[in-house]
Amino acid sequence: MTDPIDLTLSSDEESPPDDPPQPQPQRRGRRRGDQPQPDLGMIVPVNVDEREQEVNLPTPTLTNNDTDEGLKPSTTSGTGLWDLWTRNFKSPLFALLDLIDNSVDAALLQKGCKSDIPGRVQIYRDVYKHGRHSYTTGLCIRNNSMNKITSLDLALNHLFSSDKVTPNTIGENGVGMKQAAASLSDMTFVLVKNGSNEELELGIIAKVLQNEVGCFLPCFKFNDLKNLSKKMTEVFKQSQYASVAKCVAEYGKVTTDGVPSLDKGIERLCKHFEDICKKFHDNPYVFEVILDKVHDRNSKHASGAKDKQATVAEIMKTLQNDIPMRYLHIDETFKFSVGKKELTFRYWQERLVEFTEIEIPVRSKTPWHENFGVDMPDQYWLRIFLGFDRFRIAESDVEPETGIKKSNKQCSLYIYSRMSGRLILRERDSRVRLRLNAGGTEFCQALTVIIDDVDGHLPVNPTKQDVVFSNQSQGGDTHEENLYTMVRTVVAFYYTHHKKKYGGKKNILTSKISQFVDRELPDGMKSCANCKLTTYKVLFNQTNTNMIRVDHSEEEPGVDTVFRLQPEEKTLKSPGRTARKRKPSSTKKNSNPEADEELEAANKKRSKKDTKRHSPTGMRSTPRRAAGRPKKYGDDFNDNGQSDSEDTSSEERGDNVKKSKNVGKGCLDLCMSSDDESESRYGKKSRNPKIISPGPKGKESNEALENRIDELEIENSILKAKTETLQEELKAAKRNIRMLEREIQRAEE
């Protein structure tokens, strides 16, 4: 057996010269089922070329020398498992967020629990100070916990499962921690204070400790903070933990060209334990992860002391900007700091215009159209937040660097899950997913949809990067269909409701939202967890086309909805349309009384002729007769203004309403009073025309006619908006029919 190498090197000593490679005895093949070798004396020599000399690592065995009963050795290949861990995350940011999830879950006060200690999470640089110089070697994540922390010998040795099964938590302390640590660093230290300064634990997750025989994740317990350095030295100098000592000595190698030092590594670890006990003296449970020499695969900086420092700086800046958006339900009492910056979680409150909250029922297994309106056992309530992003709507549609056209104003979808409100899915253009009209600029006013799955009903993948309905034991496809159908209904209602404030004009809606870009924020804004937002009590109805529509809604304004879209002074006035101007001969009173009398007599003669025939084109005062109409407009009414035909069809009456814009003096104005309109459950019923006889001649009667015509034009624009909505539903119904036809064909085949 090779003698262990002394790894205790001071900073002033030079590294020992490399010994010539010694011939190593060949390993004997071990059959499956044989017990691993108990001899842990072999270590990884310093400065040894692995291609020339075989590296002997400790076999997985007892990881805690203070206990008599150790965990069973893992038969899983350590190197293969490590490679698997490093490929589980799309980016280093997601790996960091997985570690932060563990911290947030532990520090958040769970439902039903009471505590006067506020939750705390600190993310800071791992800095080693030597004289006037300071060196950034990694990143640290530290948090307190409201409950006792799982022992490290259980957390580190659960390779494929987690002890966190509650739906309220998003992190998976154990599985997620090992995967994220391996993705970010080749060596990670885990520190725990589990009750008092006499209950300290240290765990190590290192790539160099893994081999083909098994996965080796050692952990140690210490019960004396004052003599911690001495205790660590005694343990790590034991021959069976020589490989662990090499990891600690590598942590003592502060600079790239430095020398591994076991004493310096122990000194740095002890300093972290002292900070845990002093800075969190009022917290009995504290957890910390130290990521040494963080490697960001996407960073421009690769190696070197300055490059490592720049990598950590980039990560810190990214976290400062990104974390407030990633969590939805962290309140004001929670203390979250990244570096020296205290974070506040009011991201959406500061951005969204008409920030609104609506609750919808969702079924997880039963199709929504079965027994519609009946509460089913698998039904739960889900909260939806909606609003228009005032900053996103002002972004340029052209990238400044490339000049490529892009658009960031489409309807965006964000899905948050669990009690902390962790962002799981973000889709910049969700119109296809929600089956909304994706053509043109419809739903493109920076509309933002937020699904808040606070109770954890939606199935997420282990790395919390997507919603995976296939993970549901049964009814996953039905659950997905029910969710997005209900969300689509609410989004369409919300968007149409605010678009109607401006006569259905999307460009006016866009300009109104853009006015809030430079608006200052009020003081004392609350976090989303404690906000009282505008809400709508909605009544859903199933249509004949097997769709869901909002049949009735009641608005309840919220005091914390800061930015509100106010309709114009005349709610029914069409924006961008001015009142129709009349000719001076028919709209203004002549100053000459004799001329007025002559004009009045001429109008009377003209009105009598108009009841029998149409006027010439240049002097037309009655509506144009539609093609195929058997009667003239004047034939339908007698001199008293009453209808000769009581069975006039609704279509003819609708045509009369549209044509009434051309009515002038001397003719009966056939129009529609808004009081006579009646709503059906899914749209407008036929309108009953109301006859208004001409009033006294002069300016007042003309102004009344002009105002009435403006109102009719507004009604016409509203009808057009409803027609567009019905056309969208018709397209969606046709798509559903085609899908059903394909399913029938597949079933027949």
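Structure's up top.
A quick note: this is a predicted structure, and the numbers were derived from the prediction, not measured. (Residues numbered from 1 in each chain as written. Predicted model: local features only at pLDDT ≥ 70, side-chain atom pairs only at ≥ 80, totals over all residues. Heavy atoms only, no water.)

Engineer: Tell me about the pattern of salt bridges, residues and numbers included.
Structural biologist: Taken as a whole, this structure holds 24 salt bridges when the rule is applied. With a shortest N-O distance of 4.0 Å, K253 and E250 are connected by a salt bridge. Judged by its relative accessible area of 23%, E250 is partly exposed. A salt bridge links E350 to R346, with the shortest nitrogen-to-oxygen separation between them at 3.7 Å. (Salt bridge = Lys/Arg side-chain N within 4 Å of Asp/Glu carboxyl O. Buried < 20%, exposed > 50% of the residue type's maximum accessible area, 1.4 Å probe, protein only.)

Engineer: Lay out the pairing of strand β12 (residues 422-427) with the relevant residues and their values.
Structural biologist: Where strand β11 (residues 412-417) lies against β12, 5 bridges are found, and the strand directions are antiparallel. Counted as the bridge partner of L413 is E427 from β12. (Pairing = 2+ DSSP bridges. Helix = DSSP H or I, 4+ residues; strand = E, 2+ residues; numbered from the N terminus.)

Engineer: Describe in detail the nonpolar core, supporting the description with residues and values.
Structural biologist: Ranked by size, the top nonpolar core spans 48 residues in total, and within it I100, I123, I323 and F336 carry the most contacts. Looking at this core, the element that brings in the most residues is helix α2 (residues 92-107), giving 8 residues. Of all hydrophobic cores here, the second largest spans 47 residues; its members include W368, L386, L509 and I513. (Core = buried A, V, L, I, M, F, W, Y, C linked by side-chain atoms within 4.5 Å.)

Engineer: An account of unusual backbone geometry is needed here, citing residue identities and associated values.
Structural biologist: Excluding glycine, residues mostly carry a negative phi; peptide bonds, for their part, are mostly trans. Unlike most non-glycine residues, R435 shows phi in positive territory, near 60 degrees. Residue position: R435 is located in the loop between β12 and β13 (447-453). Assessed through its relative accessible area of 24%, R435 is described here as partly exposed. Unusually for a residue other than glycine, F443 sits at a positive phi of about 60 degrees. Tracing the backbone through its elements, the reader meets F443 in the loop between β12 and β13. Residue F443 is classed as buried on the basis of its relative accessible area, which comes to 1%.

Engineer: Which residues make up the side chain of D560, and what are the values?
Structural biologist: Relative to the helices and strands, D560 resides in the loop between β15 (548-556) and α11 (584-587). A distance of 2.6 Å separates the side chain of D560 from the backbone nitrogen of K532, its partner in a polar contact. For D560, the residues in contact, after removing those within four places along its chain, are K526, N530, C531, K532 and L533. (Polar contact = N/O pair within 3.5 Å; in protein donor to acceptor, adjacent residues only side chain to side chain. Contact = heavy atoms within 4.5 Å.)

Engineer: Run through the sheet that holds strand β14 (residues 534-542), naming residues and quoting values.
Structural biologist: The strands making up a sheet associate through backbone hydrogen bonding, with each pair oriented either parallel or antiparallel. Taken in spatial order, the 7 strands make up an open sheet running β12-β11-β13-β10-β9-β14-β15, and their pairing is mixed. Single-partner strands in this sheet number two, and they are β12 and β15. Strand-to-strand twist in this sheet, taken as the mean axis angle between neighbours without regard to direction, amounts to 25 degrees. Strands β9 (352-363), β10 (379-389), β11, β13, β14 and β15 of the sheet are contacted by helix α9 (residues 476-499), whose axis makes an angle of about 145 degrees with β9. (Axes fitted to C-alpha atoms, helices over the stretch in contact; angles between N-to-C directions.)

By themselves these figures say nothing about function.
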